[in-house]
Amino acid sequence: MIEEHFGKEHGYSWIVVRSDKGPLNRQELEDYQLDTELMEYALDKNERAHMEYDAEGDRLLLIFNALDLIKEDNHYETTPLTLIASGNQVITIVNEQNHYLIDRIQRQLPYSTITSSYQFLFLILTLVTQEYFTILDEINREKDQVNGLLRKQTTKRLLLELSDFETGLVYLLTASN
């Protein structure tokens, strides 16, 4: 677990929890005001992207699809990233597939003039979203190359590659929706 303070007079805190490193103990759940329902969302690798706001507790839960940068079956997939904003605190729950984002957020943090936990939340969402652009550009370039080769000679291997691109794009389209 990582805890960092940021913003004006370091009045905001960012807690990073690695869900793949084992469950939080009871004291940590109480300290960060995390209930079992929130943790079930965070630990479900098939959780769909959504947002919930608890007005009574003034807590925003956001499940967002982050890219898994390792190709699986020759295409990219996504994995849920859990963000919880409450008061002056943002909790980020990551797993093995998306923990790479923490380094990117930490590198950006010193250069940001963040004045609220929601502004920090939007910084995180911007960084997560930017990861898609590089991958989509790569997929588009590779798809164009395969299409060019297919116009010269149709082979089973090239057709399977094109099919893999389509499969990967379906995953990314579903995640973006």
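In short, a report on the structure. (Residues numbered from 1 in each chain as written. Predicted model: local features only at pLDDT ≥ 70, side-chain atom pairs only at ≥ 80, totals over all residues. Heavy atoms only, no water.)

Structural notes on the sheet that holds strand β3 (residues 50–54)
Taking strand neighbours across the sheet as the criterion, the six strands line up as β1-β2-β6-β5-β4-β3 in an open arrangement whose pairing is mixed. What marks the edges here is a single partner per strand, and that holds for β1 (2–6) and β3. On average, adjacent strands in this sheet sit at an angle of 20° to one another, irrespective of strand direction. Strand direction decides the pairing type here: β1 and strand β2 (residues 12–18), joined by five bridges, are antiparallel. Across the sheet, Glu3 pairs through a bridge with Ile15, a residue of β2. (Pairing = 2+ DSSP bridges. Helix = DSSP H or I, 4+ residues; strand = E, 2+ residues; numbered from the N terminus. Axes fitted to C-alpha atoms, helices over the stretch in contact; angles between N-to-C directions.)

A few points about the pattern of salt bridges
According to the stated counting rule, one finds five salt bridges in the structure shown. Among the salt bridges present, the one from Glu138 reaches Lys71, with a minimum N-O distance of 3.8 Å. Residue Glu138 is found in helix α4 (residues 117–152), and its partner Lys71 is found in strand β4 (residues 59–72); the two are separated by 67 residues along the sequence. Residue Asp144 is joined to Lys143 by a salt bridge in which the shortest nitrogen-to-oxygen separation is 3.1 Å. Taken together, the salt bridges that share partners define one network made up of Lys71, Glu138 and Glu142. (Salt bridge = Lys/Arg side-chain N within 4 Å of Asp/Glu carboxyl O.)

A look at the layout of surface pockets
By volume, the largest pocket amounts to about 510 Å³. Broken down by secondary-structure element, the contributors of at least two residues to the lining of the largest pocket are β4, β5 (75–86) and α5 (156–176). Residue contributions to the lining of the largest pocket peak at four residues, all from β5. Of the residues in the lining of the largest pocket, the class split is four nonpolar, seven polar and six charged. (1 Å grid on protein atoms, 1.4 Å probe; cavity = no way out; pocket = protein on both sides within 12 Å on 5 of 7 lines; lining within 4 Å. Points joined across faces, edges and corners; volume = space filled by probe spheres on them. Nonpolar A, V, L, I, M, F, W, Y, C, P; charged D, E, K, R; others polar.)

Overview of the side chain of Asp68
By the secondary structure assignment, Asp68 is in strand β4. A relative accessible area of 12% means that Asp68 is categorised as buried. Looking at Asp68, its side chain comes within polar contact range of the main-chain nitrogen of Ile70, at 3.1 Å. In contact with Asp68, other than residues within four places in its own chain, are Tyr76, Glu77, Thr78 and Gln97. (Buried < 20%, exposed > 50% of the residue type's maximum accessible area, 1.4 Å probe, protein only. Polar contact = N/O pair within 3.5 Å; in protein donor to acceptor, adjacent residues only side chain to side chain. Contact = heavy atoms within 4.5 Å.)

Quick look at empty space enclosed by the protein
The gaps left among the atoms become clear once a water-sized probe is rolled over them. Under the defined criterion, the tally for this structure stands at one cavity of 30 Å³ or more. Empty space within the largest cavity amounts to approximately 50 Å³. As for the largest cavity, its lining consists of Lys71, Asn74, His75, Tyr76, Ile139, Glu142, Asp164, Phe165 and Gly168. Among the secondary structure elements, those contributing two or more residues to the lining of the largest cavity are β5, α4 and α5. If one sorts the elements of the lining of the largest cavity by residue count, α5 sits on top with three residues. In terms of residue class, the lining of the largest cavity is made up of three nonpolar, three polar and three charged.

So, the packing of α4 against α5
Viewed as axis vectors pointing N to C, α4 and α5 meet at an angle of 155°, and their least axial separation amounts to 10 Å. Between α4 and α5, the angle falls in the class roughly antiparallel. Between α4 and α5 the crossing geometry is left-handed. Residue-level inspection shows Tyr132, Leu136, Ile139, Glu142, Lys143, Val146, Asn147, Leu149 and Leu150 of α4 in contact with α5, the latter providing Leu158, Leu159, Glu161, Leu162, Phe165, Leu169, Leu172 and Ala175. (Parallel < 35°, antiparallel > 145°, perpendicular 65-115°, else oblique. Left-handed = near helix turned anticlockwise from the far one by under 90°.)

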